[in-house]
Amino acid sequence: MSGNNAHIKRLLETKHCPGGNLSEANLGRFNFSKADLSGAKLLFANLSRTNLTNANLSGADLTFANLVAADLSNSDLSGLDAKSINLFEAKLQNADLSGADLSFANCVSANFNEANLCGAELQGANLIGAQLNNANMSGAHLTGANLGRAQLVGAILANADLSHGRFVDADFRDANL
């Protein structure tokens, strides 16, 4: 397990590690519901199948992190730096991702229903089969993103940049474009 061992121990014991160095840590399958990881460094960390519901990860760095099938429902992910993150089949319902950088992220089959993605950076992201129903994506940057078969029913995309995106079989019913 990489990262700072004292920070990892503190997180495991208290679910409280704001600003901690947890880079490359193997934290898969743990229950960190309601954890405070604001501003934490989680570069290349493994958080697959981890419960992070109602957690605070605002301003955290999850660049290249693995969150396959993680549950981040109702979490604060605002200002997150998560370039090239793997969110395959992750649950992000009602999460706050405003201002988050998810450039080139793998979000295949992820659930972003009712999430706040205002001003989020999703350039080159892979959102094939993602659920974005009723998500607020106002001002989001989706340049070159792949939204094939994505569900965007009732999504708000006002002032979003969809240039060079791919939308084969995407469902935009009742979306605000």
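None of the values given here were measured: they were computed from a predicted structure.

Caption draft 1: Fine view of the overall build of the protein. Within the protein, the regular secondary structure consists of 1 helix and 0 strands. Its C-alpha atoms give the protein a radius of gyration of 15 Å, within 12% of the compact-globule value 16 Å for 177 residues. Along the first, second and third principal axes, the C-alpha set of the protein runs to 50 × 25 × 25 Å. In the protein, which comprises 177 residues, the share counted as buried stands at 47%. Considering only intrachain contacts with a sequence separation of at least 6, the fraction spanning at least 24 residues in the protein is 1%. If you sum the accessible surface of the protein, you get close to 7500 Å²; carbon and sulfur atoms cover 45% of it. Between the mean site of the 12 positive side-chain charges and the mean site of the 16 negative ones, the protein shows a separation of 8 Å.

Caption draft 2: View of the side chain of Ser75. Following the sequence through the fold, Ser75 ends up in the segment after helix 1 (5-14). When its relative accessible area of 2% is taken as the criterion, Ser75 is described as buried. Reaching out from Ser75, the side chain makes a polar contact with the backbone nitrogen of Ala55 at a distance of 3.1 Å. Beyond its immediate stretch of four places on either side in the chain, Ser75 contacts Leu52, Thr53, Asn54, Ala55, Ala95 and Asp96.

Caption draft 3: Structural detail: the side chain of Thr53. Within the secondary structure layout, Thr53 lies in the segment after helix 1. Looking at Thr53, the relative accessible area reads 14%, which means it is buried. Engagement of the side chain of Thr53 in a polar contact is seen with the side chain of Asn51, the distance being 2.9 Å. In this structure, Thr53 is in contact with Ser33, Lys34, Asp71, Ser73 and Ser75, ignoring residues within four places of it in sequence.

Caption draft 4: Spatial organisation of the pattern of salt bridges. Tallied over the entire structure, the rule returns 4 salt bridges. Put simply, Lys83 and Asp81 hold a salt bridge, and the shortest N to O gap is 2.5 Å. The partner of Asp171 in a salt bridge is Arg173, with the nearest N and O atoms 2.6 Å apart. Note on Arg173: relative accessible area 52%, which makes it exposed. Taken together, the shared-partner salt bridges connect Asp81, Lys83 and Asp101 into one network.

Caption draft 5: Here's a closer look at the environment of Leu42. Relative to the assigned elements, Leu42 resides in the segment after helix 1. Taking the C-alpha atoms as reference points, Leu42 and Thr63, separated by 21 residues in sequence, lie 7.2 Å from one another. In this structure Leu42 touches Leu22, Ser23, Leu27, Leu47, Leu57, Asp61, Leu62, Thr63 and Ala65, once residues within four positions along its chain are discounted.

Caption draft 6: Expanded view of the environment of Gly124. Mapped onto the fold, Gly124 is located in the segment after helix 1. You can call Gly124 partly exposed: its relative accessible area is 27%. Once the C-alpha coordinates of Gly124 and Leu102 are considered, the two residues, 22 residues apart in sequence, prove to be 8.9 Å apart. Each residue touching Gly124, except ones within four places of it in the same chain, is listed here: Phe104, Thr143, Gly144 and Ala145.

Caption draft 7: Molecular detail of helix 1. N-cap assignment for helix 1: the residue whose side-chain oxygen lies 2.9 Å from the backbone N of Ala6 is Asn4. One or two residues past the end of helix 1 sits Lys15, with phi positive at roughly 60°.

Caption draft 8: Quick peek at unusual backbone geometry. Positive phi values are uncommon outside glycine, yet Arg49 reaches one of about 60°. Mapping Arg49 onto the fold places it in the segment after helix 1. Judged by relative accessible area, Arg49 falls into the partly exposed class, the value being 47%.

Calculation notes
Residues numbered from 1 in each chain as written. Predicted model: local features only at pLDDT ≥ 70, side-chain atom pairs only at ≥ 80, totals over all residues. Heavy atoms only, no water. Helix = DSSP H or I, 4+ residues; strand = E, 2+ residues; numbered from the N terminus. Rg over C-alpha atoms; globule rule 2.2 N^0.38 Å. Buried < 20%, exposed > 50% of the residue type's maximum accessible area, 1.4 Å probe, protein only. Contact = heavy atoms within 4.5 Å. Areas by Shrake-Rupley, 256 points an atom, 1.4 Å probe, with all protein chains shown as cover. Lys, Arg positive; Asp, Glu negative; His and termini not counted. Charge placed at Lys NZ, Arg CZ, Asp CG, Glu CD. Polar contact = N/O pair within 3.5 Å; in protein donor to acceptor, adjacent residues only side chain to side chain. Salt bridge = Lys/Arg side-chain N within 4 Å of Asp/Glu carboxyl O.

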